[in-house]
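# Working through the structure, step by step
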Amino acid sequence: MANFKTHIQASTIISGIASSVFLELHILTIPEAIYCWLAGSLGGILPDIDSDNSHSLSIMFGLLSIAVCLGVFVFLSGKYTLPYLWAAVVIAYIILNTFIRYIFEKLTVHRGGCHSVLMGLLCVCVGVNATHYLNTDKHLSWLIGLFIGLGFLTHLVLDELYAVDFSGARIKRSFGTALKLFDIKNKSTTACLFVLLGINIYFLPSHNSLINTLNTSISDYKNTMK
Ligand SMILES: [Zn+2]
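Reading guide: rules and limits
Residues numbered from 1 in each chain as written. Predicted model: local features only at pLDDT ≥ 70, side-chain atom pairs only at ≥ 80, totals over all residues. Heavy atoms only, no water. Helix = DSSP H or I, 4+ residues; strand = E, 2+ residues; numbered from the N terminus. Expected span 1.5 Å × (residues − 1). Bend = angle between axes of the 7 residues up to and from the residue. Buried < 20%, exposed > 50% of the residue type's maximum accessible area, 1.4 Å probe, protein only. Contact = heavy atoms within 4.5 Å. Donors = N, O, S within 2.8 Å, 3.2 Å for Na, K, Ca; no water. Tetrahedral: all angles 85-135°; square planar, octahedral: opposite > 155°, others 65-115°. 1 Å grid on protein atoms, 1.4 Å probe; cavity = no way out; pocket = protein on both sides within 12 Å on 5 of 7 lines; lining within 4 Å. Points joined across faces, edges and corners; volume = space filled by probe spheres on them. Patch = residues over 30% accessible without salt bridge, like charges linked within 9 Å, V, L, I, M, F, W, Y side chains within 5 Å. Areas by Shrake-Rupley, 256 points an atom, 1.4 Å probe, with all protein chains shown as cover. Salt bridge = Lys/Arg side-chain N within 4 Å of Asp/Glu carboxyl O. Axes fitted to C-alpha atoms, helices over the stretch in contact; angles between N-to-C directions. Left-handed = near helix turned anticlockwise from the far one by under 90°. Nonpolar A, V, L, I, M, F, W, Y, C, P; charged D, E, K, R; others polar. Core = buried A, V, L, I, M, F, W, Y, C linked by side-chain atoms within 4.5 Å. Parallel < 35°, antiparallel > 145°, perpendicular 65-115°, else oblique. Domains from an automatic or database assignment.

### Some remarks on helix α4 (residues 82–107)
Its 26 residues give α4 an end-to-end C-alpha distance of 36 Å, which sits within 8% of 38 Å, the value for a rise of 1.5 Å per residue. At arginine 101, α4 shows its maximal kink, close to 30°. Along α4, the positions that sit buried rather than exposed are Leu85, Ala88, Val89, Ala92, Leu96 and Arg101. Those residues of α4 that are buried are in contact with α3 (55–76).

Next comes the structure, spelled out in structure tokens:
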């Protein structure tokens, strides 16, 4: 399988190319293209969060810590004095990075349910919902989610390609474990991912805004080319 550096390089390049195309088509502004680029790069490391000692897991919990601590601070701010707010943030940080991380590491197996197309779809939907509920434009929320999916898929394909030894024209034992629809061996994790996906699909915002933006931008671009 490919290492962390290769994954981050590949997803950064692929999402960089895709975001520049959307920028050229005037579907994204420069800041929006940067958000999508970052989302795609992040998507490229998500499949390996099930590896207990991976950079991906540390980065994910680092980002999650920032989000949770910020969320706790904003939610409680105005209700308590500053020392209590600091204490709440520290407690949230400790709970996340000890108990929750421990449970996550125990429940996940490397190259298990997280390393699948099903998990990729869940990440897309979570990305769309999270950014939408942060009051991002609907079309941008969808694009950020889809860029996460692009990076995620790039990772799975790259791992699968690394399972083929092109020089010796042979296939390594890991072939077929990277790019799978879902993890058939681990039924409880797969069932859990399906339930989470269903919940997230239910809350997805309408994609009409994205379709309209794409249609308008592509027809405008065609007109300027005439
Ligand atoms: Zn991987």
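### A word on the coordination of the zinc ion
Binding of the zinc ion to the protein goes through Asp48 (OD), His115 (NE2), His155 (NE2) and Asp159 (OD), at separations of 2.0 to 2.4 Å. Considering all 4 donor atoms around the zinc ion, angles at the metal cover 86 to 170° and the coordination shape is irregular. Site description for the zinc ion: donor spacing in sequence, D-x66-H-x39-H-x3-D. Residue aspartate 48 is located in the loop between α2 (30–43) and α3, and its partner histidine 155 is located in helix α6 (residues 138–162); the two are separated by 107 residues in the primary sequence. Judged by its relative accessible area of 9%, aspartate 48 is buried.

### With respect to empty space enclosed by the protein
Tallying each qualifying case throughout the model produces 1 cavity of 30 Å³ or more. Of the voids in this model, the largest cavity is the one considered here, and its volume is about 40 Å³. Lining the largest cavity, in full, are Asp50, Leu107, Thr108, Val109, Gly112, Gly113, Cys114, Asn186 and Thr189.

### With respect to a nonpolar patch on the surface
Together, Ile91, Ile95, Phe99, Ile100, Tyr102, Ile103 and Leu107 line one region of the surface with nonpolar side chains, adding up to about 730 Å² of accessible area. Tracing the sequence through the fold places phenylalanine 99 in helix α4. A relative accessible area of 57% places phenylalanine 99 in the exposed class.

### Section: the packing of α2 against α6
At a closest axis distance of 6 Å, the pairing of α2 and α6 adopts a crossing angle of 35°. Once α2 is placed against α6, the crossing between them reads as right-handed. Every residue of α6 that contacts α2 at Glu32, Tyr35, Cys36, Trp37, Ala39, Gly40 and Gly43 is listed here: His139, Leu140, Leu143, Ile144, Phe147, Ile148, Gly151 and Phe152. Grouping the amino acids of the contact of α2 with α6 by side-chain chemistry returns 10 nonpolar, 4 polar and 1 charged.

### Description of the nonpolar core
Membership of the largest hydrophobic core comes to 33 residues, with the highest contact counts inside it found for Leu28, Cys36, Leu46, Met119 and Leu143. Breaking this core down by element, the ones donating at least two residues are α1 (4–24), α2, α3, α5 (117–132), α6 and α7 (187–202). Residue contacts for leucine 28: discarding those within four places in its chain leaves Ser19, Phe22, Leu23, Ala33, Cys36, Leu140 and Leu143.

### What about the packing of α5 against α7?
With their axes 9 Å apart at the nearest point, α5 and α7 run at an angle of 30° to one another. When the axes of α5 and α7 are compared, the pair comes out roughly parallel. For α5 against α7, the interelement crossing comes out left-handed. Each of Leu118, Met119, Leu121, Leu122, Cys125, Val126 and Asn129 in α5 lies in contact with α7, whose residues at this interface are Thr190, Leu193, Phe194, Leu196, Leu197, Asn200 and Ile201.

### Some thoughts on the layout of surface pockets
Picture a little ball the size of a water molecule; that probe, rolled over the atoms, points out where space is still empty. Space inside the largest pocket adds up to approximately 1400 Å³. Forming the boundary of the largest pocket are 34 residues, of which Leu46, Met60, Leu64, Val126 and Ala130 lie nearest the centre. Among the secondary structure elements, those contributing two or more residues to the lining of the largest pocket are α2, α3, α4, α5, α6 and α7. The dominant element in the lining of the largest pocket, judged by the number of residues it contributes, is α3, at 8 residues. Class assignment for the residues of the lining of the largest pocket results in 27 nonpolar, 7 polar and no charged. Three or more residues apiece are contributed to the lining of the largest pocket by two domains, here domain 1 (4–48 + 111–225) and domain 2 (53–107).

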